Amino acid sequence: MYTEKLTEAEQKIAQLKQLNQQRQADNWQLRSQMGLLSIPNSFEHNQGQVAARVPTGGWMVVLEWIRSVGNRQVELLAGRQPKEPTYITELFL
């Protein structure tokens, strides 16, 4: 019984992750079509490349924009507001 419930829960989690990814892609496409995307200078869209989260306005947010600075480091922007702080993190394999 436990194994069955665990398998069901894992399947539900996988379905929800897939749904979340699809909705994020849809949101990205709509924002792009409406001209609401403004890519910061020399940054690129994160698209799940860096999974770091930062505190912004009381919430932990996934970073929207990344820029490699070398030496395994990347600069990160949450993409929530103009002139927000830039976060820097090291990448590890």
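The paragraphs below set out a description of the structure included in this document.

About the thresholds
- Residues numbered from 1 in each chain as written.
- Predicted model: local features only at pLDDT ≥ 70, side-chain atom pairs only at ≥ 80, totals over all residues.
- Heavy atoms only, no water.
- Helix = DSSP H or I, 4+ residues; strand = E, 2+ residues; numbered from the N terminus.
- Buried < 20%, exposed > 50% of the residue type's maximum accessible area, 1.4 Å probe, protein only.
- Contact = heavy atoms within 4.5 Å.
- Areas by Shrake-Rupley, 256 points an atom, 1.4 Å probe, with all protein chains shown as cover.
- Salt bridge = Lys/Arg side-chain N within 4 Å of Asp/Glu carboxyl O.
- Pairing = 2+ DSSP bridges.

## So, the overall build of the protein
1) Next: For the protein, the helix and strand inventory stands at 1 helix and 6 strands.
2) Next: Start at the N end of the protein and walk to the C end: the helices and strands fall as α-β-β-β-β-β-β.
3) Next: Taken over 93 residues, the protein has a buried fraction of 18%.
4) Next: Taking all contacts inside the protein whose residues are at least 6 apart in sequence as the whole, residues at least 24 apart take part in 24%.
5) Next: Summed over its atoms, the accessible surface of the protein is roughly 7700 Å², and 53% of this surface lies on carbon and sulfur atoms.

## Looking at the pattern of salt bridges
1) Next: This structure, assessed with the given rule, holds 1 salt bridge.
2) Next: Arg67 is the partner of Glu75 in a salt bridge, and the nearest nitrogen-oxygen pair spans 2.7 Å.
3) Next: Accessibility expressed as a relative area gives 15% for Glu75, which makes it buried.
4) Next: What makes Arg67 partly exposed here is its relative accessible area of 25%.

## Description of the pairing of strand β4 (residues 65–70)
A regular strand places its side chains on the two faces of the sheet in alternate fashion.
1) Next: Direction of pairing for strand β1 (residues 44–45) relative to β4: antiparallel, over a ladder of 2 bridges. Residue His45 lies in a different strand from β4, and its bridge partner there is Trp65.
2) Next: Pairing between β4 and strand β5 (residues 73–77): 5 bridges, direction antiparallel. Bridging from a neighbouring strand, Trp65 pairs with Leu77 of β5.
3) Next: Connecting β4 to the next strand, β5, in antiparallel fashion are 2 residues, including Asn71 with a positive phi near 50°.

## Focus on the sheet that holds β1
1) Next: Pairing is antiparallel across the open sheet formed by 4 strands, whose spatial order is β1-β4-β5-β6. Edge positions in the open sheet fall to β1 and β6 (87–90), since each of these has one partner strand only.

## Focus on the side chain of Asn46
1) Next: Along the chain, Asn46 falls in the loop between β1 and β2 (53–56).
2) Next: Judged by relative accessible area, which is 2%, Asn46 ranks as buried.
3) Next: Leaving out residues up to four positions away in the same chain, Asn46 has contacts with Val62, Leu63, Glu64, Trp65 and Ile66.

Purely geometric stuff here, so don't read any function into it on its own.
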